[in-house]
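Chain residues, written in single-letter form:
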Amino acid sequence: QVQVVESGGGSVQAGGSLRLSCTASALTFDDYTMGWFRQAPGKEREGVSCISWSGSTTYYADSVQGRFTLSRDSAKNTLYLEMNSLKPEDTAMYYCAARPSAGGTWSTARTYNYWGQGTQVTVSS
């Protein structure tokens, strides 16, 4: 059974940093594009970032471009999201997701097959 598990969330002040991790088990990690989404209360889930199966291509939402960095370690089946210069508007539940490599628009949540339970990120001003 595929499991996707996020960790690393927490509470920080504006301008601070956090690193989220996501591990995936029972799937061939290198066959999957991996992504991060977030959802704030009362808002729709939005794509934050995505990385190709090889790690050679990354995508970022405009709102996080230049502040967040996504990477993957295939040896550890782990995905990392380095978040710097955090802002209060980054506050949300962050979800890790996996989809087959050829899956359509990276930020479309329904194209992802597997999801974690989420990790909360809270940024105070």
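Residues numbered from 1 in each chain as written. Predicted model: local features only at pLDDT ≥ 70, side-chain atom pairs only at ≥ 80, totals over all residues. Heavy atoms only, no water.

Colleague: Quick question: what am I supposed to make of the overall build of the chain here?
Modeller: Scanning the chain from N- to C-terminus turns up zero helices and 11 strands. When the helices and strands of the chain are listed from N to C terminus, the series reads β-β-β-β-β-β-β-β-β-β-β. Taking 14 Å as the expected radius of gyration for a compact globule of 125 residues, we find that the chain reaches 13 Å, a close match to that expectation. Projecting the C-alpha coordinates of the chain onto the three principal axes gives extents of approximately 40 × 25 × 25 Å. Within the chain, the proportion of its 125 residues that are buried is 42%. (Helix = DSSP H or I, 4+ residues; strand = E, 2+ residues; numbered from the N terminus. Rg over C-alpha atoms; globule rule 2.2 N^0.38 Å. Buried < 20%, exposed > 50% of the residue type's maximum accessible area, 1.4 Å probe, protein only.)

Colleague: Please explain the pattern of salt bridges as it appears in this structure.
Modeller: Oppositely charged side chains can form a pair if their charged atoms are brought close together. Scanning the model with the defined rule gives three salt bridges in all. Two residues, Arg38 and Glu46, come together in a salt bridge whose shortest N-O distance is 2.6 Å. Owing to a relative accessible area of 5%, Arg38 belongs among the buried residues under this scheme. Note that Arg67 is salt-bridged to Asp90, the shortest N-O span being 2.8 Å. Taken as a pair, Arg67 in the loop between strand S6 (58-60) and strand S7 (68-73) and Asp90 in the loop between strand S8 (78-83) and strand S9 (92-100) lie far apart in primary sequence, 23 residues in all. For Arg67, a relative accessible area of 10% corresponds to the buried category. (Salt bridge = Lys/Arg side-chain N within 4 Å of Asp/Glu carboxyl O.)

Colleague: What's the story with the nonpolar core in this structure? I'm lost.
Modeller: Note that soluble globular proteins tend to have their nonpolar side chains buried in a common cluster. Ranked by internal contacts, the top residues of the largest apolar core, which has 29 residues, are Met34, Trp36, Phe68, Leu79, Leu81, Met83 and Tyr94. Of all the secondary-structure elements, those providing two or more residues to this core are strand S3 (18-25), strand S4 (32-39), strand S5 (46-51), S7, S8, S9 and strand S11 (119-124). Excluding anything up to four places from it in sequence, Leu79 contacts Leu20, Ser21, Cys22, Phe29, Met34, Gly35, Trp36, Ile51, Leu70, Ser71, Arg72 and Cys96. (Core = buried A, V, L, I, M, F, W, Y, C linked by side-chain atoms within 4.5 Å. Contact = heavy atoms within 4.5 Å.)

Colleague: So what exactly am I meant to see when it comes to the pairing of S3 here?
Modeller: On a regular strand, each side chain points to the face opposite its neighbour's, so the side chains alternate between the two faces of the sheet. When strand S1 (residues 3-7) meets S3, the two strands line up antiparallel, connected through five bridges. Across the sheet, the residue bridging to Val5 is Thr23, located in S3. Relative to S8, S3 runs antiparallel, the two sharing six bridges. Note on S8: the bridge partner recorded for Arg19 is Glu82. (Pairing = 2+ DSSP bridges.)

Colleague: Would you mind going over the pairing of S11 with me for this structure?
Modeller: By the alternation rule, side chains of S11 split into Thr119, Val121 and Val123, which are all buried, and Gln120, Thr122 and Ser124, of which none is buried. Looking at chain direction, strand S2 (residues 10-13) and S11 are connected through four bridges and run parallel. Counted as the bridge partner of Gln13 is Ser124 from S11.

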